[in-house]
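Each chain, letter by letter, is given below.
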Amino acid sequence: MNFVLEKAQSAVRSVQDWAGSKVTAVVALGVAGASSAHAALPDGVETAITTYQTDAGTAIGFVIGAGVVIWGLIKLGRKFGWM
C-alpha cells in the first residue's frame, strides 16, 4: 500500500513541477511584454486613434441597443400572440 501511495505522491509532484514551470514562463512573458518600449506616435495618428475609439464605442452601443429593442419586441410579440 505504501508503494502505491509513494507512486501517487511522486506523480502529483511531477505534475506540480511541470505546471509550476509553465506558469512561471507565462508570468515572465507577461512581465516582459508589459515592459516593452513603444515609439511615440505623431499627434495626427494619436488623434485619429482616439477618435476611432470613441466612434467605435458609440457604434457598438447602438448595435447592442438595437439588439435589446429587437429582443424586447420579439418577447412582446410572443406574449401577445403577434408571432
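Before reading on, note that the structure itself is shown above.
Note that the structure is a prediction, hence the values are computed from the model and not measured. (Residues numbered from 1 in each chain as written. Predicted model: local features only at pLDDT ≥ 70, side-chain atom pairs only at ≥ 80, totals over all residues. Heavy atoms only, no water.)

Side note on the overall build of the chain
Along the backbone of the chain there are two helices and zero strands. Counting all 83 residues of the chain, 1% fall into the buried class. As displayed, the chain offers around 7400 Å² of accessible surface, 71% of which is attributable to carbon and sulfur atoms. (Helix = DSSP H or I, 4+ residues; strand = E, 2+ residues; numbered from the N terminus. Buried < 20%, exposed > 50% of the residue type's maximum accessible area, 1.4 Å probe, protein only. Areas by Shrake-Rupley, 256 points an atom, 1.4 Å probe, with all protein chains shown as cover.)

Overview of the packing of aromatic side chains
Inspection of every chain in the model, using the stated rule, returns one aromatic pair. Centroid distance Phe-80 to Trp-82: 5.5 Å. Interplanar angle 35 degrees. Geometry classified as tilted. (Phe/Tyr/Trp six-rings, centres within 6.5 Å; stacked < 30°, edge-to-face > 60°.)

With respect to a nonpolar patch on the surface
Residues Val-69, Leu-73, Leu-76, Phe-80, Trp-82 and Met-83 make up a contiguous nonpolar surface patch of roughly 710 Å² in combined accessible area. Relative to the helices and strands, Met-83 resides in the segment after helix H2 (43-80). Note on Met-83: relative accessible area 65%, which makes it exposed. (Patch = residues over 30% accessible without salt bridge, like charges linked within 9 Å, V, L, I, M, F, W, Y side chains within 5 Å. Salt bridge = Lys/Arg side-chain N within 4 Å of Asp/Glu carboxyl O.)

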